[in-house]
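Coordinate analysis (summary)
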Amino acid sequence: GLSDDTVDDALRVLAGRRLLRSSGDLAELAHPLLVDAIERRLVPGEGAQVHARIAEALGASPGIQPGEIADHWRAAGRPDREVAPRAAAARWANDHFAYQEAWEGWLRVLELWDAGHRSNDIELFKEGIRFVRSERRVFALGVTVEGVPVEALVDNPGATGSAGATQILVRQ
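Parameters at a glance
Residues numbered from 1 in each chain as written. Predicted model: local features only at pLDDT ≥ 70, side-chain atom pairs only at ≥ 80, totals over all residues. Heavy atoms only, no water. Helix = DSSP H or I, 4+ residues; strand = E, 2+ residues; numbered from the N terminus. Buried < 20%, exposed > 50% of the residue type's maximum accessible area, 1.4 Å probe, protein only. Salt bridge = Lys/Arg side-chain N within 4 Å of Asp/Glu carboxyl O. Core = buried A, V, L, I, M, F, W, Y, C linked by side-chain atoms within 4.5 Å. Contact = heavy atoms within 4.5 Å.

Describing unusual backbone geometry
- One non-glycine residue, Arg18, lies in positive phi territory at about 60°.
- If you trace the backbone, Arg18 turns up in the loop between helix H1 (4-16) and strand S1 (20-23).
- What makes Arg18 exposed here is its relative accessible area of 75%.

Section: the pattern of salt bridges
- In this structure the tally under the stated criterion is seven salt bridges.
- Salt-bridge contacts for Asp9 lead to Arg12; the nearest nitrogen and oxygen are separated by 3.4 Å. Remark: Arg12 and Asp9 occur in helix H1; sequence separation between them is three residues, near one turn of the helix.
- A salt bridge links Asp36 to Arg40, with the shortest nitrogen-to-oxygen separation between them at 3.3 Å. Taken together, the residues span about one helical turn, with Asp36 and Arg40 both in helix H2 (residues 32-41) at a distance of four residues.
- Sharing partners across several salt bridges, the network here consists of Asp71, Glu82, Arg86, Arg108 and Glu111.

What about the nonpolar core?
- Core analysis: the largest hydrophobic core is formed by ten residues, namely Val83, Ala87, Ala90, Trp106, Val109, Leu110, Leu112, Trp113, Ile122 and Leu124.
- Of all the secondary-structure elements, those providing two or more residues to this core are helix H5 (79-95) and helix H6 (99-114).
- Top contributing element to this core by residue count: H6, with five residues.

Let's talk about the side chain of His51
- Following the sequence through the fold, His51 ends up in helix H3 (residues 46-59).
- On the basis of relative accessibility, which here comes to 18%, the residue His51 falls in the buried class.
- Setting aside residues no more than four positions away along its own chain, His51 makes contact with Glu39, His72, Ala75 and Ala76.

Set out below in structure tokens:
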């Protein structure tokens, strides 16, 4: 990695050119096209390392949405590290009435779980049942899984290729 002085110098150059946005101790590039340009210059494999470092930094920062951390772990190719923040993101979405987003988050957690990526922080069955039972609004809001309405999965669990997603529905 780069030394702290090198990083500070680079950040000062970006700030001087008004290409950096900062808030307290956090700094980010001011425009998504800058991020895109940087990503295109990375050599294969380097992007995963960058995403892993970003995920670690975000995970250590208070107030960061867990979905953002999970997305970086996913981009880093680290499903083992993605599970816990993805579940936290699903809980957060559910608590904020974003039921489709919560459902999609739980589907990803199930996919990771079925692939053997477990987290000791999560009692998956308990969390999933709690979500499905406490949020019956998912059915009323027309939430879908791979284009199939969730209520149809209760009667026909094989309606999608997501076996893990349907297992949670039929176990209740």
